[in-house]
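# Coordinates in review
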Amino acid sequence: MAGVTLAEVGLTYPDGHTALTGVDLEVADGEFVALVGPSGSGKTTLLRTVAGFLAPSRGTVAIGGEPVASPGAGVPPEGRRLGMVFQQHAIWPHMSVGANVAYPLRRARRPRAEIGERVTEVLALVGLDGYADRNPATLSGGQRQRVALARALAPTPRVLLLDEALSALDEPLRDQLRVELRSLTRQLGLTVIHVTHDRDEALALADRIAVLDAGAIVQVDTPERLLHEPATPFVAGFLSDATLLPGELTDSGFVADEHPLRLARDVVVGPGRGSGTLAVLPGDVVLHEGAPGGEEGRAEVVSSLYGRTASDVIVDWHGLRLRAESDGRPVVGARVRPEVRRALFYPDVAGTAG
Ligand SMILES: Nc1ncnc2c1ncn2[C@@H]1O[C@H](COP(=O)(O)OP(=O)(O)OP(=O)(O)O)[C@@H](O)[C@H]1O
């Protein structure tokens, strides 16, 4: 059993900056959890707290049910039986590939024969069979990351911590390593916490994703639920590029503040009445070309980026930058009429009437 449990974890750096404000997170044994959030939201701080490089100011961290950190007490990183892979510069250039992978085993004073066997085994696992004698300088970026992964896996860690481990690689290599990483961690039944700024990578790899904002977790859920049922306007905006706008929801529908958008009640998803925030997902907007109808329905295309499944389009609609997915590729400057087919409503806490 090697799940990871964080209970009420807070962390304030010595300069007084609070990076984590009370994080509760339960990662199950064998689960792959991605941590995402804007720059500075605390992702790396959280990962380093689990690793043992940082001590929480309050709360506890447990691995496999055993408390490893609480204020004033802690198991050092080397006693936590974790593997870690960073973005780059993770392997030592003056050692051969085999020596890099053997290093944590030598430090643990494992018998020489066992070390040799294990190095061969993990190099094969990451697709680097026969690379033990190579100098890391002669490897590609992707191969070096595989060496880093092999070194992290060599001592049979209970949990694998990845900090932007694939981010320095170019596509399509990054994509290939994503696939390999996922099947490898499944095969080994490893618990993984993966920090990434790449939303698509998190959605593709993770069983569940934890979304951080300003040092707190705002939602932990499966990729599907995060995309279709974001818990807050922030999550809808951050993960799905939702357009957010304030307004009022009544029994007859939504009326935007200082904008012509009006929606019937049956296309607005969400509880409550009163003032709040509407989140419009790009896939819920249809752009009608030719812009028939009244002036208030007209918008102008300001950006149109072609994509594999749809174009990513931004229109200026009476000062609102509305994001839409479009089957075609509308040209910049075209006049269109946006139709919002569905939207999510989040009542203001103070403005909710029930
Ligand atoms: N050693 C430190 N001393 C003081 N503040 C720090 C220190 N390290 C990080 N911080 C601050 O703590 C907050 C969280 O930083 P952290 O690196 O965990 O964020 P992040 O989500 O990983 O960001 P990024 O995506 O940019 O890597 C930031 O405001 C950062 O400036």
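Here the structure is a predicted model, which is why all the values come from computation and not from measurement.

### Topic: the site of the ligand
The environment of the ligand is formed by 13 residues, the closest being Tyr13, Ala19, Ser39, Thr44 and Thr45. Considering each element in turn, the shell around the ligand owes the most residues, 3 residues, to helix 1 (residues 43-51). Across the shell around the ligand, the residue classes tally to 2 nonpolar, 9 polar and 2 charged.

### What about unusual backbone geometry?
Phi angles above zero are rare outside glycine, and arginine 81 is one such case at about 55 degrees. A positive phi angle is found at arginine 109, which is not glycine, with a value near 55 degrees. Along the chain, arginine 109 turns up in the loop between helix 2 (97-107) and helix 3 (112-125).

### Focus: the sheet that holds strand 19 (residues 311-317)
Spatial ordering of the open sheet is given by 17-21-18-19-20, a layout of 5 strands whose pairing is antiparallel. Two strands close off the open sheet at either side, each with one partner strand: strand 17 (285-289) and strand 20 (320-326). Strand-to-strand twist of the sheet, defined as the mean angle between neighbouring strand axes without regard to direction, takes the value 45 degrees. Across 5 bridges, the pairing between strand 17 and strand 21 (residues 335-340) is antiparallel. The residue of strand 21 that forms the bridge with valine 286 is glutamate 339.

### A word on helix 8 (residues 233-240)
Burial runs high along helix 8: 6 of the 8 residues are buried. Along helix 8, the positions that sit buried rather than exposed are Phe234, Val235, Ala236, Phe238, Leu239 and Ser240. Buried residues along helix 8 sit against helix 6 (199-205), strand 10 (208-213), strand 11 (216-221), helix 7 (223-228), strand 16 (274-280) and strand 22 (343-347).

### Comments concerning the domain arrangement of the chain
Along its sequence, the chain is organised into domain 1 (4-228) and domain 2 (241-347). Taken over C-alpha atoms, the centre of domain 1 sits 39 Å from the centre of domain 2.

### What to know about the pairing of strand 12 (residues 243-250)
Side chains Thr243, Leu245, Gly247 and Leu249 of strand 12 all project onto a buried face; the interleaved residues Leu244, Pro246, Glu248 and Thr250 project onto a face where none is buried. Looking at chain direction, strand 12 and strand 16 are connected through 7 bridges and run antiparallel. Bridge pairing in strand 16 places leucine 245 opposite leucine 278. Strand direction decides the pairing type here: strand 12 and strand 13 (residues 253-256), joined by 4 bridges, are antiparallel. Note on strand 13: the bridge partner recorded for glycine 247 is alanine 256.

What counts, and where the lines are drawn
- Residues numbered from 1 in each chain as written.
- Predicted model: local features only at pLDDT ≥ 70, side-chain atom pairs only at ≥ 80, totals over all residues.
- Near = placed C-beta within 6 Å.
- Helix = DSSP H or I, 4+ residues; strand = E, 2+ residues; numbered from the N terminus.
- Nonpolar A, V, L, I, M, F, W, Y, C, P; charged D, E, K, R; others polar.
- Pairing = 2+ DSSP bridges.
- Axes fitted to C-alpha atoms, helices over the stretch in contact; angles between N-to-C directions.
- Buried ≥ 20, exposed ≤ 12 C-beta atoms within 10 Å, placed from the backbone.
- Contact = placed C-beta atoms within 7 Å.
- Domains from an automatic or database assignment.

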